[in-house]
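# Residue-level structural notes
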Amino acid sequence: MTAVDQVLAEGGKATIKPIISFRNVSKRWGSAVGVDNVSLDIEPGEFFALLGPSGCGKTTLLRMLAGLEVPTEGHVLIDGQDMGDIPPNKRAVNMVFQSYAVFPHMTVADNVAYGLKIDRVVQPERDRRVQEALDLVQLGQLAARMPDQLSGGQRQRVALARALVKKPKVLLLDEPLSALDAKLREAMRFELSQLHQKVGITFIMVTHDQDEALAIASRIAVMNKGSIAQIGTPSDLYEFPASRFVADFIGSVNMFEGTLINDKPDEATVACPELDPYPVHVPHAVLGQETSSVWVAIRPEKMSLHKEADAPPAVPECPAAHNVAKGEIKEISYLGDISIFHVLLTNGRLIRISRPNRSRWDQDSFGWGERVWVSWDGSSPVVLQS
Amino acid sequence: MATRTQERRLAFLATALPPIAWVVVFFLAPLAIVWAYSFGQNVSLTEVDISGTFANYARALQPLYLGIFAKSIFVAGLTTLLCLIVGFPVALAIVFASERWRPWMLLLIMLPFWTNLLIRTYALIAVLRTEGYVNFTLEWLWNQGSWLMTLVGLQPLGDFTPLQLLYNNFAVVGGLVYVHLPFMVLPLYAALDRLDKSLIEASLDLGAGHLRTLFSIVVPLALPGIISGIIITFVPALGAYLTPDLLGGPDSQMIANVIERQFKRANDWPFGAALSFLLMYATFAAIALRAYFSRGKPAPGHGV
Amino acid sequence: MATRRAPLEYNRMWQIRAWLFAVFFFLYAPLVALIVFSFNDSKRITVWRGFTFRYYEKLFNNDSLLLAFANSLTIAFMATLISLVIGALAAVLLWRYRFTGRTAVEGTFMLPLVVPEICMGVAMLLFFTRVLPWPNYLVWPLNLGSIIIAHVSFCFPFVALVVGARLASFNKEQEEAARDLGANDWQAFRDVLLPHLRPALIAGALLAFTLSLDDFVITFFTSGPDTVTFPVKVYSMLRFSVTPEVNAASTMLILLTIVLMALMMVLQSRAQKKAGG
């Protein structure tokens, strides 16, 4: 049980001391800004992900935590202690590097034992812990091998074992899955998750792959151009993005520009030129005044296709002729479990709709060039200010 | 119209013959003659009879000459060691320098290498002689110290005796280090540059200090380059002529000086030939040793 | 605001900086002093008296020295030319053809780099006095032939190395395309391979030129009283007396080397850009 689970079980709103704290951390190289005034708390036991496009500062943040970079401003705290002048070899965190950085001139066992030797752990104890760590990552049989005799996935496990054997407070992972091929990647995702459960310490992962982050992490910080765009659980980020950037970065989305034409305490209406003449209706209030410019984001799987008809389909709990659009199917991508439809709306906008193939004949329901109606629930659109 | 194969043949011969012919006639043949001469003996002032005798080699292995060989190997070895100690931090500094500075630093290290050996050695004479810069500075310091002493009321220091820095073994080793340092820095730099920096970071991350990282990770992985540097420094130092000639005293002779004497003054060409070949064997032995140590090892140093 | 040193920023450790500074100082101080004292108005070279060009004047009036310098330049020029051809052919031979004894040939080409200079000098001396006596009644520049040949023998492997490195980056398909379009072996070589090699040829030429100009030991053994080169002449001046004139001569040589080096870098980077890297 992680610390977080324990506290929640006790039902208290206890103040859990964050294990990692970034306080107004910035990193600049001359005039170039890598990290811009980032403040972030990470709770013990989390599997936290730093997600963002390349150049957003996520790796820099991780390296500052490891002590491999020095912040230009701000403080990094590990377990409440300011890491100010403390060099990387004295910090209670260990890192799995993107290239794994397995020492090529040592055997697997020697690699894993390296950190223990430095801590002056005696031989019998050391051997035991090395074997324990190798068993943990399922490399128990390969202790005497040299790194050039291992596959990429195996080398990664060596790097994991080497870092974990020192029982750090936090494990840092720099793009752990990017060098692996697709099938291996999915298997490793699951294994990392299992490892996290077993070992019970905090994991912090840096990745640009949002599928990865969504799948494994318990909380994600989305970064862009050196700052944090949004922090939340995977579902928070996916279903309730706070900005266009996050909505667009995580998963795919259909984004429509529009004007807020009606804003009441429990409902709002937005007119989007690309969806004319049918407005968008949501059953809650929206930030902003009437006539202000907003964006409407709708996920592809939240939209439904309907056969052509004279009247627009009815959407439950919405006024008539709201949350609908008319168009023509331009392209179908059959992916086996789902099909993705590219629909050209009457106003010239191309949208994406994804539809699970529930029955074995679903792929025949709609064809190329077919005229369709598109509809979505009132709860589906997310109205964003920026 | 020549056929394809005839054409190709012609092209091959045109490419192969000039260099091979040159190497055979103007390099291998002369060396072969030296080898032949080493088995000969002086008959008259200008005649040499290749009699197949081993007398020259026997003489070369006498304690006197063996001693000089040993001394040369020792001096060359000491030079190499000093170059390694001095040059390693320099190579390290260049590798970790920013992109902007690095080419300039490499240029600065290489520039003395491009300067004539004779000139570089000569420049040291002015530095090391009894009226040279070092003694000059020391004398100045000595006099200042003496003056300070009188100020305080103590007896002034005696006359300054200049240090004997030239025409001895110290000067030879110093001169050899001075001349060969760039030879050492470049291969070291190349080897360190190829090293995956994340290996150093991983070592630090796992708790090792800088010194430990240096000896456990950097040195083993840069070893091929280090050995290259050692060989590139040792071999020329072993066969050095100018430096011991200009900077050394009567007892700082190295093997090249002895060889020169046989040809220019003693007029004992067969003996000189024998000594030359022994030097060549020593050189080849050093290189073979290096090949032996780095056989079968793939190029490590890349974060695997 | 200055940041704390990151762990891998070794260059910001004061120990490393001090060491670097000390090394560069000791490397350059003697040379700088040498240049400075070439202007010393005194017969001695360690006590500064005044500024003068006197010794440079002496230099330029020293006929034997000027002759030696002319000899050096001629030898270097001829040796470079021949080394370029031999070295380039050697590199192309090893790069393009597979034949029996290839490794032996490759090893032999690199042998001059490994053999100690004095051994080569001795070998050349023996060769040119006993086997191929070079007639000394030959008119200039042919009387320098023995020295030129000796220089070529130790210069061409350097050229071969430089050209060989450049060959490794050549896309063979270019040559095949030329042949496909009708060129024969010689035309393909001249129109496709040679342009690609130009930066390496320039670098190799300057390298050979500098090596030849600077050589002492091998030249010492192959030169005679009337085929003296610049370094050999300076050496005899050195043994005779140490005056600022020697400094002046040395300074000239240093200057020449720097100019050649700068020329090489400029030409090479320009040719590199043209040949497309």
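The numbering scheme is per chain: residues are counted from 1 as the chain's sequence reads. In the order they appear in the text, chains get letters beginning with A and ligands get numbers beginning with 1. Two thresholds apply to this predicted model, a pLDDT of at least 70 for residue-level local features and 80 or more for giving and counting side-chain atom pairs, whereas whole-chain, interface and lining totals are computed over all residues.

## Comments concerning the sheet that holds strand β18 (residues 350–356) of chain A
All names here are of chain A. Strand order in the open sheet formed by 5 strands is β15-β19-β16-β17-β18, with antiparallel pairing between adjacent strands. Of all the strands in the sheet, the pair left with one neighbour each is β15 (303–307) and β18. Going from strand to strand, the sheet's axes swing by 45° on average, the running direction of each strand aside. Here strand β16 (residues 324–334) pairs with strand β17 (residues 338–345) via 7 bridges, running antiparallel. Each bridged residue has a counterpart across the sheet, and for I332 the counterpart in β17 is F341. A pair of strands counts as paired when DSSP detects no fewer than two bridges linking them. By definition, any uninterrupted DSSP run of H or I lasting at least four residues is a helix, any uninterrupted run of E lasting at least two residues is a strand, and each is numbered from the N terminus. Interaxial angle, 0 to 180 degrees, is taken between N-to-C directions of lines fitted to C-alpha atoms, where a helix line uses only the stretch in contact.

## Let's talk about the interface of chain B and chain C
By the convention adopted here, residues make contact when the C-beta atoms placed from their backbones lie within 7 Å. With 64 residues of chain B at the interface, the matching set in chain C holds 62 residues. By residue number, the principal contributor to the side of chain B that touches chain C is helix α1 (residues 4–37) of chain B, which donates 18 residues. Side-chain classes follow a simple rule in which Ala, Val, Leu, Ile, Met, Phe, Trp, Tyr, Cys and Pro form the nonpolar group, Asp, Glu, Lys and Arg form the charged group, and the remainder, Gly included, forms the polar group. For the side of chain B that touches chain C, the class distribution of residues is 51 nonpolar, 8 polar and 5 charged.

## Some thoughts on the environment of A123 of chain B
Locating A123 of chain B in the fold gives a position in helix α5 (residues 117–128). Expressed as a C-alpha distance, the spacing of A123 of chain B and G175 of chain B, which sit 52 residues apart in the sequence, is 9.8 Å. Once residues lying within four places of it in the same chain are set aside, the contact partners of A123 of chain B are P30, L31 and L34 of chain C.

## Observations regarding unusual backbone geometry
Residue and element names in this part refer to chain A. Of note, the amide linkage connecting D276 to P277 takes the cis form, showing an omega dihedral of 0°. As for its placement among the helices and strands, P277 is situated in the loop between β12 (267–271) and β13 (280–282). Its identity as a non-glycine residue notwithstanding, A101 has a phi of 50°, on the positive side. The residue A101 is located in the loop between β6 (93–96) and α3 (108–118) in this model. With phi around 50°, K167 is a residue other than glycine that occupies positive phi space. Among the structural elements, K167 can be located in the loop between α5 (152–164) and β7 (170–174).

## Considering the domain arrangement of chain C
All names here are of chain C. Just so you know, the domain bounds were taken from an automatic or database domain assignment. Each domain of chain C was delimited in the assignment, giving domain 1 (11–52) and domain 2 (56–274). Between domain 1 and domain 2, the residue contacts involve 8 residues of the former and 8 residues of the latter. Looking at side-chain class alone, the side of domain 1 that touches domain 2 contains 5 nonpolar, 2 polar and 1 charged residues.

## As for the nonpolar core
Each nonpolar core reported here comprises buried Ala, Val, Leu, Ile, Met, Phe, Trp, Tyr and Cys residues connected via C-beta atoms within 7 Å. To assign burial, the other C-beta atoms lying within 10 Å of each residue's own C-beta are counted, with C-beta atoms placed from the backbone; 20 or more indicates buried, 12 or fewer indicates exposed, and intermediate counts indicate partly exposed. One finds V112, L172 and V296 of chain A, A91 of chain B together with V122, A123 and V159 of chain C to be the most contacted residues of the largest nonpolar core, which totals 259 residues. The residues contacting L172 of chain A, other than those within four sequence positions of it, are L62, L65, A66, V93, N94, M95, V96 and I204 of chain A.

## Notes on the domain arrangement of chain A
Residues and elements named next belong to chain A. In terms of domains, chain A is made up of domain 1 (3–247) and domain 2 (252–384). Each of domain 1 and domain 2 was reduced to a C-alpha centroid, and the two centroids are 39 Å apart. In this assembly, 5 residues from domain 1 lie in contact with 6 residues from domain 2. Looking at side-chain class alone, the side of domain 1 that touches domain 2 contains 3 nonpolar, 1 polar and 1 charged residues.

## Structural notes on the sheet that holds strand β20 (residues 382–384) of chain A
Residues and elements named next belong to chain A. Pairing is antiparallel in the open sheet, where 5 strands are placed in the order β13-β12-β11-β14-β20. Each edge of the open sheet is held by one strand with a lone partner, namely β13 and β20. For this sheet, the mean angle separating the axes of adjacent strands, direction not counted, is 40°. For strand β11 (residues 254–264) and β12, the ladder comprises 5 bridges, and the chain directions are antiparallel. Within β12, the position partnered with K264 by the bridge is E267.

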